[in-house]
Amino acid sequence: SLRNYREVQDALHGTPYAHFIDDAGADALDKVALTPRPAPQRPVRFRIFSHVCAADLDIIGPFLDHYARLGIDSFHLILHGPAAECQAMRKACRRHPVVIEQEYDKSFDETVKCAMLTEHIRKYKGEWALLADIDELLELPCKSLEAAVRLLRLCGSRSLPAVLVQRMAADGSLPPLGPGQ
């Protein structure tokens, strides 16, 4: 019931994992200049964003396959690592609709990672955005993202809390984790 959903949301501090970034948006989102993008060949219903390290090459395939089965139409990745390893990662992604939003080869920094993801997620105001680390496979209360979104809309909700990742703020930003979190 809606009451139970709100209790779960409150228990999880109301922080969403999958979040709809409203067209009206929060003040911070209203100030974001959107980059014009070419029209997709078919409408994209669901996007997922992830920061991927070159060391994750062995799990990128199962990650992409899992989320494609759930209904993800577009994978937005930030690749982290040396150019040759990023090239191998791009090659491993060829079977899926992957957008490489950014590549970099500097020391890992959680704050930088969060800022990069936030920057790219904000380009898609008015759309559903999922955020998952490469080693996180979301399980839904329904068979697909489309069914889950219908359920969320029936409940009057814009977000789906998840126990594992509780970091995406209501305005679509990704706050960094502090020590011990």
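Definitions and limits used
Every residue gets a number counted from 1 within its own chain, in the order that chain's sequence is written. Reporting of local features is limited, given that this is a predicted model, to residues whose pLDDT is at least 70; pairs of side-chain atoms are given and counted only at 80 or more, and all residues count toward the totals for whole chains, interfaces and linings. Note that the side-chain values use all heavy atoms of the structure and ignore hydrogens as well as water. The buried label goes to any residue with under 20% of its type's maximum accessible area, the exposed label to any with over 50%, and the partly exposed label to all in between, with areas taken from a 1.4 Å probe on protein chains only. Here a helix means four or more residues in a row that DSSP labels H or I, a strand means two or more in a row labelled E, and each is numbered from the N terminus. Side-chain atoms alone can form a polar contact between residues adjacent in sequence; in general such a contact is a pair of N or O atoms within 3.5 Å, and within protein one must be able to donate a hydrogen while the other accepts it. The angle between two axes is taken between their N-to-C directions and runs from 0 to 180 degrees, where each axis is a line fitted to C-alpha atoms and a helix contributes only its stretch in contact. By definition in this entry, angles of less than 35 degrees are roughly parallel, angles greater than 145 are roughly antiparallel, angles of 65 to 115 are roughly perpendicular, and the rest are oblique. Crossing handedness: left-handed means the near helix sits turned counterclockwise from the far one by under a right angle, and right-handed means the same turn made clockwise. Whether two residues are in contact is decided by their heavy atoms, any of which lying within 4.5 Å being enough. Amino acid classes used here: Ala, Val, Leu, Ile, Met, Phe, Trp, Tyr, Cys and Pro are nonpolar; Asp, Glu, Lys and Arg are charged; the rest, including Gly, are polar.

Novice: In this structure, what is going on with helix 6 (residues 145-154)? I would like to understand it.
Specialist: Structurally, the α-helix is built with 3.6 residues per turn, so residues lying three or four positions apart point the same way. Restricting attention to buried positions, one finds in helix 6 the residues Leu145, Ala147, Ala148, Val149 and Leu152. Of the residues flanking the end of helix 6, it is Gly156, one or two places downstream, whose phi is positive at about 75 degrees.

Novice: Help me understand the side chain of Asp73 in this model?
Specialist: In this fold, Asp73 is placed in the loop between helix 3 (57-70) and strand 3 (74-80). Of note is the side chain of Asp73, whose polar atom sits 2.7 Å from the backbone nitrogen of Phe46.

Novice: How should I be thinking about the packing of helix 3 against helix 4 (residues 83-92) in this particular structure?
Specialist: The geometry of a pair of packed helices is captured by two quantities: the angle between their axes and the separation between those axes. Two elements in contact, helix 3 and helix 4, have axes whose closest approach is 10 Å; the angle formed by their N-to-C orientations is 25 degrees. Regarding the angle of helix 3 to helix 4, the classification is roughly parallel. When the axes of helix 3 and helix 4 are compared, the crossing they make is right-handed. Each of Leu57, Ile60 and Leu64 in helix 3 lies in contact with helix 4, whose residues at this interface are Ala88, Met89 and Ala92. Of the residues that constitute the contact of helix 3 with helix 4, the class distribution is 6 nonpolar, no polar and no charged.

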